[in-house]
Amino acid sequence: MDEKRERQPDDESRVGRFGWPENARLRYYDADGNRISKEEWRELGRRKAEERRRARATG
């Protein structure tokens, strides 16, 4: 029981539930791997969703 407790990482290195440090700033990338802002990333997602909707409607 004590061994497990000793192996726990300290709070600063604790990883959040998605696999990165809890207070790390998220970075957004476009399809080419370029850094983009959160707003640009959201717009990209909207456009992709719209394209999928159109493809489903015509398919």
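Residues numbered from 1 in each chain as written. Predicted model: local features only at pLDDT ≥ 70, side-chain atom pairs only at ≥ 80, totals over all residues. Heavy atoms only, no water.

Engineer: What am I meant to see in the overall build of the protein here?
Structural biologist: When you go through the protein residue by residue, the secondary structure sums to two helices and two strands. Element order for the protein, N to C, with α for helix and β for strand: α-β-β-α. Residues classed as buried in the protein amount to 7% of the 59 residues present. Surface summary for the protein: the accessible area is close to 6100 Å², and the carbon and sulfur share equals 45%. (Helix = DSSP H or I, 4+ residues; strand = E, 2+ residues; numbered from the N terminus. Buried < 20%, exposed > 50% of the residue type's maximum accessible area, 1.4 Å probe, protein only. Areas by Shrake-Rupley, 256 points an atom, 1.4 Å probe, with all protein chains shown as cover.)

Engineer: Could you clarify how one ought to interpret the packing of aromatic side chains in this entry?
Structural biologist: All told, the structure shown has one aromatic pair when counted by the stated rule. For the pair Tyr28 and Trp41, a centre-to-centre distance of 4.6 Å together with 45° between the ring planes defines the contact as tilted. In this pair, Tyr28 sits in strand 1 (residues 28-29) while Trp41 sits in helix 2 (residues 38-58), placing the two residues 13 residues apart along the sequence. (Phe/Tyr/Trp six-rings, centres within 6.5 Å; stacked < 30°, edge-to-face > 60°.)

Engineer: Just checking my understanding: could you explain the pattern of salt bridges for this structure?
Structural biologist: Side chains bearing opposite charge may pair, as long as their charged atoms lie close to each other. Across all of its chains, the model carries four salt bridges by this definition. The closest approach of N and O atoms between Arg46 and Glu43, which form a salt bridge, is 3.0 Å. On the criterion of helical spacing, the pair formed by Arg46 and Glu43 is a turn pair, its members being three residues apart in helix 2. Salt bridges linked by common partners bring Glu43, Arg46 and Arg47 together as one network. (Salt bridge = Lys/Arg side-chain N within 4 Å of Asp/Glu carboxyl O.)

Distances and angles like these do not, on their own, reveal function.
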